[in-house]
Structures are given as structure tokens and as C-alpha cells.
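Letter by letter, the chains look like this.
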Amino acid sequence: MSGFMHLPILPVVLPLFAGILLLALRNRSLALQRGVSMLAALALVPLALALLGTTADGTHLVYKLGNWMAPYGIVLVADRLAAWMLLTTALLAVFALLFAIKAPSPSIGLGAPLPPSPADARGRGEGIGEGADAGPLCPSGPTPTASPPPPQPSPQMGEGADAGPTPTYDSNGRHFHVLFQLQLFGLNGAFLTGDLFNLFVFFEILLLASYGLLLHGGGRLRVKAGLHYVVINLVGSTLFLFAVGTLYGVTGTLNMADLAVKLAATPAEHAALVQSAALLLFGVFALKAALLPLYLWLPAAYAHTSAPVAALFAIMTKVGAYSILRVYSLIAGDSAGPLTQLLDAWLAPLALATLVLGMLGVIASTALRQQAAYLVVVSIGSLLLAFGLGSTEAIAAGLYYLPHTTFASAALFLLADSISRARGELADRFESGPAMPGARVMGGLFFVVAIALAGLPPLSGFLGKFMLLRAALDSPLLIWVWSIVLITGLLGVIALARSGSMLFYRTHTAHDPASLLRPATSTLAPVAGLLLLVVGMTIWAGPVSDYAADTAAQLRSPQHYINAVLGAAPETAAGRASGDMSLIAGATP
Amino acid sequence: MEALIAVVIGVLTAGGVFLALRGQTFPVVLGLTLLSYAVNLFLFIMGRLAIGVPPVISAAAEAYTDPLPQALVLTAIVISFGMTAFVIVLALKARGELGNDHVDGLQHEEDRNR
């Protein structure tokens, strides 16, 4: 029973402890680190399934940290939406990690590899305090020269003959697995927390880990894109704090459920203040989600980082979308005082515009990785369009579409990496190139990914779009939604068909076939695994969309969430509210 | 007092925004630092201005100051401190790899066609 009681916190502490353990094991063999990391990632799947099973009947599991009462202490809340996001993250993480362990990492596609410089040496271990004096940094293997190292793990020793000296993504620099686990820690925490400031803290954790992962392996273009990503997210964090501070100043609480109660009763003279704070918060979430005017950081960052990291980042924009859904379903529902339906004027039109511009980016892309990054922007447009329409059916469509698009985008990032290695120095650019070794398998996989991403039948992308279009039938934006979604869908088909024919058909015989690498089966297995998940979502579309509909219905009645967190009896909530007010009043001189 | 604090936060924010929009990495880092100072002060003030009153329960106290913003601002300071340290290291690394301290890392011919 006690294990069940602590279920909601396990997905948060497991990656944290795994990360700390991996930090302690950093000088041990790579095989051991991989085993621990993989085990921790795999263990998240049954945990997420257990949470999914527990919350499927509509219960809210509330976990009070330190057993403090709800509005005073921090709570973790697991409901259908949180469990859904956790499961998506866990499945994605397993395949991304598998790819990072198995796939050989090239230095092509990142500009000429630079010789390690002292600046390089200082920069490599950033994010982990102790890494400041990180040891040698050659992509792999024993380094002949190098500063007197803190005992350098001999990364390949445990690998034996099968991996040989080939560098992989996780051996391309130090602390990959630590950062990976901490990233999962931040993601899971953000999905589970029920406290606005705590959400900020988990955002910072996942961002700091993402900075390290984004830059992992180094390279000029990566550093350049990383600098933009870091600076824009730091500004976003500052704005987040301004919004949180304003909300606290007006309401005296940060617990999301309590915030919903207090904001609904905001006196008229504070209406403008809470509206501006809520819109500022929306701006921050839109930045994380890469909504229209704030998406410019995404293509460069995602296109230049390493493939497994880009695949994991497919869930990162969804954190922004999740936060919008979670926070605004609570504080801007149907009866939320001055915030009622606050986002209606903004979210759907901006999402439509994101869809258009993202798709223009897809068409204009000159390389496959870049195209995949713009497809992430497109998917966030569709997702936020569904959330912005706001009806139960539309949110359900969005929730069905969310795991689908996460898995499919991740698969495209991983596949693009194999393709780019098989094409030699042309990498993934859309130019007529040599015929790839292994083109049949990769072409087949590309075909399936393209069908999924373009939203063609029979895969789940089509079902998600169909649900979205049907949900828009009674929306005032009907004409806009239908025309834009259908036209961008067509453009997506054209763009992906053009990419596929350029990469796979317009080929010539290679001058030097030996320089082209045939992708190993183990490299393509994670892609196939992710695609199987997409196929699974199609085959079991009935149960999955039912679950999404239940989740949407739960989100549309936030009173259950509030009751679960604050305790069901409304009069105690009122009493606590007046107590808070007197405390604040007493504090004001 | 309130007006003074408001002006201080406003000036810090304006300076931070101005510097963050510069083209070199060093002013950008300084701008981010000023922004984080501004937001820390802002968070702190959200507990209202109070002088000489305790944040914890005491028999002698006539009034209390709100302790929560103090805890929040402590967290925010630690986070922004760590982030600033990180961005400085990253800016140095970018300087080393790109050969200049422009935020866009200009003047690399071979990057153009990527």
C-alpha cells in the first residue's frame, strides 16, 4: 500500500537518483553507465503505465511533499493528462537512448571538426559543476596527449569487439547519460507538479539539462545555435518569474488549484493586473512551445544538435503545450472571473499562423534535419490549434495527436541521421547524390515516417487530423481551420514527397562507394520501434482516443482537480482563504 | 519607498533589455544578469514592503512579513546564478569556436550553405 501511496513521486525521483548515480559512476566503464541509464529509462515505462492505470478512472492522485497541507506545501498531482505525458516521455526516452547507445556518431554535418582547444576543454563539461576541469575531449578513445586527466574513463574497454573504436553519441563527450537522466527528471517533474513556482523550477532543470545535451559533442554550428537557445530561454525564465511574482502579489498563493479559486474571485480593480500576468505567462509557455512569433530559435537548435538529443527534444515543445493546457484549463476555464476564456482570442489564430509559417519552412528547407525541425513547428501549430479551439472534442483530438507527432518527429530525426551518414559528405542536404547503401530499408522507413507526419491515411496522423477537423465543425473559425489545415497538409505531402524522391531516386553511382556507410540494423531499430508505436496508436485508435476524450473531459471540469488538491469541503477552503488574506493584510504596513 | 523600488526595478529591467539586445556576447550576458536582478527584486517586493517585522511567529510581533517570497527569491537567485555561470562559459566557448564574440558568430564562409 505504501508503494502505491508514493507512486506519483517515483517518476520524478527515479531519474534524479539515476543521474546522481551515473555522476558517481562517471569514471567506470561506459557499458556500466549505459546499463544503469537504460535500466532507469526502461523502469519509467511500467511506472507511467501504473499511473495511467490508477488515474484512468478519473482519480487525481495528490502527493503532498513533506505531508504539508495543500496550499502551503508543494503538491504533485497525477491525473489522466499527467500520466499520458509521462508515458509518452518514457517511451520516447527509451528509443532515443537506444539510438544514442547504438548509433555511431559522425563528425560530418557539423562543419569540419576542430582540434580540441583549451577553450574546448573548459566548455565540455558545462552544466555539471565538477566538469569545469574536464579531461580530454577527443571524440573518443584513448587520447595520446592531453592535460593530466582526472582519471579518464577508457570508454571503449567494456565494449569489446562489437562496438570497437567507433564513437557513439554517448561517448562523444562526458556526462551524456547524466544529462539525459536529469532531462527526464525535469520533464517528469514538470508534468506532475501542481505548483506554479515548482513548475518554474522543473522548467529550469529540464532547460539546464537540455543546454548540456544540445551542446553535447561540440562543434561550431552547434555552439552557435546553442547560444541563441540558451539566451532566449533565459529571457523566457525571467518573464516567467515576473508573471509568477505578479500572480503571487495579487492572490498570495502559487498552488495551481488554490490559484484557480483565488483568481476566480479577483476583485475588479485587480482584473487588469491578473490578466496581464496570465498573458505574460502565456507568452513564456508559447516560447517553450515555439508558437508563432517565438519559434525562430527552434529550427537552428534542433537541426544542429545530435540526433538522439533532437529526438528527445521532440517532447520539449510539448511541455509548453502541456503547460498551456494545464494552467489555463485551471485558471481560465468557463467560470474564472476576469480570466474567463482569456486565451480564446490568441491561441487558435496564432496556432493557425504557426501552421502556415512552419509549413513554408518545411517547403523551403534545404536539408532533411532542417525539414524535420520545421515539421516540429508544424506539429505544435496543429496541437495548439486543437487546444485553442477549446471544446472537449478538440482537446481530445490534440491529446491523441500529441504522442503521435512526438514519436513520428523523433523517428524522422533518427532516420535523418542514418541517411546523412549513408550519403557521405553530402550529408542530409537535398542535392542529387550517390545511391545510398541500404536505400531500400531506409526508403521504406522514410515512406512510413512521411505518411505519419503528413497526416495521410492509414496512420494515426490522419486520425488525429480528422478528429481535429471534425471538432472544428461548430467553431466560429471553421473556414480558417479547414482551409489552413487541409492546404498545409497538402503542402506537407508535396514537400516530403520531394525530399524522398531527391534523396532516394535522383541518385547516381557513387565515385567512391567505400566512403558511404551502410547503416547498421541496430541504428534503424529505434526508428522502426518508434514507428511501431505509431502503428500501435493506429490499430488501437479506439481505446486511445477514448482515453484522450476522457482526459479532455477531465480537463474541462477543473473543479475535480481543485477539490482533490484542496480537500473536497468548500467551506474549509474558504476559511483557509480568509486566513491567508489576514496574513497578507497583516504583512502590509 | 514603493515608488523608489518601482523605479529601481524599472531601470534595471530597461538596462537589461537594452544590453540583452546588443550584438556581442558580453553585453548580452550583462543584460541577462541585470534582468535577473530586476526579477529577484520584483519577487521579493511581492511580499509587500515591511521594515523590522519578523517572518516567523513570535509572541512579541505586532505584524509579520510574508516569508514565502523570501524563499522564492532565494531559489530564483540560486538558479539565475547557475544560469549566468553557464552562459558565461558558453559565451567563452563560442568565442573560442567561432573566432569572434558576435552572438551570430559571423564570418564563416563554410557555414553559409548549411
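Caption draft 1: Expanded view of the overall build of chain B. Check the secondary structure of chain B and you find three helices and zero strands. Helices and strands appear in chain B in the N-to-C order α-α-α. Its C-alpha radius of gyration of 20 Å places chain B more than 25% over the 13 Å reference for a compact globule of 114 residues. Reported as C-alpha extents along the three principal axes, the dimensions of chain B are approximately 70 × 25 × 20 Å. Here chain B holds 114 residues, and 32% of them are scored as buried. Nonlocal contacts in chain B, meaning residues at least 24 apart in sequence, comprise 49% of its contacts between residues at least 6 apart.

Caption draft 2: Structural detail: the overall build of chain A. Along the backbone of chain A there are 24 helices and four strands. Relative to its 589 residues, chain A shows a buried fraction of 57%. In chain A, the share of contacts with a sequence separation of at least 24, taken over all contacts with a separation of at least 6, comes to 78%.

Caption draft 3: Main features of the pairing of strand β1 (residues 61-64) of chain A. Residues and elements named next belong to chain A. Of the two faces of β1, the one lined by Leu61 and Tyr63 is fully buried and the one lined by Val62 and Lys64 carries no buried residue. Both β1 and strand β2 (residues 75-78) contribute to a ladder of four bridges, which runs antiparallel. Bridge assignment links Tyr63 to a residue of β2, and that residue is Leu76.

Caption draft 4: The arrangement of the domain arrangement of chain A in detail. Residues and elements named next belong to chain A. Annotation of chain A at the domain level lists domain 1 (1-109 + 169-342) and domain 2 (346-556). Put simply, the middle of domain 1 and the middle of domain 2, counted by C-alpha atoms, are 23 Å apart. Top element by residues in the side of domain 1 that touches domain 2 is helix α4 (residues 80-102). It accounts for 11 residues. Of the residues contributing to the side of domain 1 that touches domain 2, the split by class is 29 nonpolar, five polar and four charged.

Caption draft 5: Up close: helix α1 (residues 2-20) of chain B. Residues and elements named next belong to chain B. Taking 1.5 Å per residue, 19 residues should reach 27 Å; α1 reaches 27 Å between its end C-alpha atoms and fits that length. If you check which residues of α1 are buried, you get Leu12, Gly16 and Ala20. One side of α1 holds all its buried residues, which, seen down the axis, span an arc of 60°. Projecting away from the buried face of α1 at angles above 90 degrees are the exposed residues Ala3, Leu4, Ala6, Val7, Gly10, Val11, Ala14 and Phe18.

Caption draft 6: Looking closely at the confidence of the model for chain B. All names here are of chain B. Residues with a pLDDT of 70 or more make up 92% of chain B, whose mean pLDDT is 86. Between the elements of chain B, mean pLDDT differs from a low of 90, seen in helix α3 (residues 68-98), to a high of 94, seen in α1. Across the interfaces of the predicted complex, the ipTM metric reaches 0.91, alongside a pTM of 0.85.

Caption draft 7: Structural view of the nonpolar core. All names here are of chain A. Counting 227 residues, the largest nonpolar core has Leu291, Ala410, Ala411, Leu415 and Val449 as the members making the most contacts within it. Of all the elements, helix α17 (residues 392-422) adds the most residues to this core, at 19 residues. Filtering out sequence-adjacent residues up to four positions away, Ala411 remains in contact with Val449, Val527, Leu530 and Leu531.

Caption draft 8: Molecular detail of helix α16 (residues 368-389) of chain A. Residue and element names in this part refer to chain A. Here α16 contains 22 residues, and its C-alpha end-to-end distance of 31 Å stays within 8% of the 32 Å for a straight helix at 1.5 Å per residue. With 22 of 22 residues buried, α16 lies mostly within the body of the structure. Gly390, located one to two residues past α16, shows a positive phi value of around 85°.

Caption draft 9: Broad picture of the environment of Gly438 of chain A. All names here are of chain A. With respect to the secondary-structure elements, Gly438 resides in the loop between β3 (433-434) and α18 (439-454). Classification of Gly438 by C-beta neighbours within 10 Å gives partly exposed; the count is 18. Once the C-alpha coordinates of Gly438 and Arg220 are considered, the two residues, 218 residues apart in sequence, prove to be 30 Å apart. In contact with Gly438, not counting residues within four places along its chain, are Ala422, Arg518 and Pro519.

Caption draft 10: Structural detail: the packing of α1 of chain B against helix α2 (residues 25-45) of chain B. All names here are of chain B. Two elements in contact, α1 and α2, have axes separated by 7 Å at closest approach and are oriented at 155°. Comparing the axis directions of α1 and α2 gives the class roughly antiparallel. Crossing hand, α1 versus α2: left-handed. Here Ile5, Val8, Ile9, Leu12, Thr13, Gly15, Gly16, Val17, Phe18, Leu19 and Ala20 of α1 lie close against α2, whose contacting residues are Pro27, Val28, Leu30, Gly31, Leu32, Leu34, Leu35, Tyr37, Ala38, Leu41, Phe42 and Ile45. Its residues assigned to classes, the contact of α1 with α2 comprises 19 nonpolar, four polar and no charged.

Caption draft 11: Focus on the packing of helix α9 (residues 220-251) of chain A against helix α11 (residues 271-289) of chain A. All names here are of chain A. Their axes nearest at 9 Å, the elements α9 and α11 cross at an angle of 155°. By the angle between their axes, α9 is roughly antiparallel relative to α11. When the axes of α9 and α11 are compared, the crossing they make is left-handed. Facing Gly236, Leu239, Phe240, Phe242, Ala243, Thr246, Leu247 and Val250 of α9, the residues of α11 in contact are Leu273, Val274, Ala277, Leu280, Leu281, Gly283, Val284, Leu287 and Lys288. Taken together, the residues of the contact of α9 with α11 sort by class into 13 nonpolar, three polar and one charged.

Caption draft 12: Structural view of unusual backbone geometry. Residue and element names in this part refer to chain A. Omega for the bond connecting Pro457 with Pro458 falls within 30 degrees of zero, at 10°, which places this linkage in the cis form. The residue Pro458 is located in the loop between α18 and α19 (460-471) in this model. Residue Asn67 is not a glycine yet carries a positive backbone phi of 60°. Along the chain, Asn67 turns up in the loop between β1 and β2. On the neighbour-count criterion, Asn67 (7 C-beta atoms within 10 Å) is exposed. Here the phi dihedral of Ala290 falls at roughly 65°; this positive angle occurs in a residue that is not glycine. Tracing the sequence through the fold places Ala290 in the loop between α11 and α12 (297-304). Under the C-beta neighbour-count criterion, Ala290 is labelled buried, with 27 such atoms within 10 Å.

Conventions we followed
Residues numbered from 1 in each chain as written. Chains lettered and ligands numbered in written order. Predicted model: local features only at pLDDT ≥ 70, side-chain atom pairs only at ≥ 80, totals over all residues. Helix = DSSP H or I, 4+ residues; strand = E, 2+ residues; numbered from the N terminus. Rg over C-alpha atoms; globule rule 2.2 N^0.38 Å. Buried ≥ 20, exposed ≤ 12 C-beta atoms within 10 Å, placed from the backbone. Contact = placed C-beta atoms within 7 Å. Pairing = 2+ DSSP bridges. Domains from an automatic or database assignment. Nonpolar A, V, L, I, M, F, W, Y, C, P; charged D, E, K, R; others polar. Expected span 1.5 Å × (residues − 1). Arc of directions from axis to C-beta. pLDDT = per-residue confidence, 0-100. Core = buried A, V, L, I, M, F, W, Y, C linked by C-beta atoms within 7 Å. Axes fitted to C-alpha atoms, helices over the stretch in contact; angles between N-to-C directions. Parallel < 35°, antiparallel > 145°, perpendicular 65-115°, else oblique. Left-handed = near helix turned anticlockwise from the far one by under 90°.

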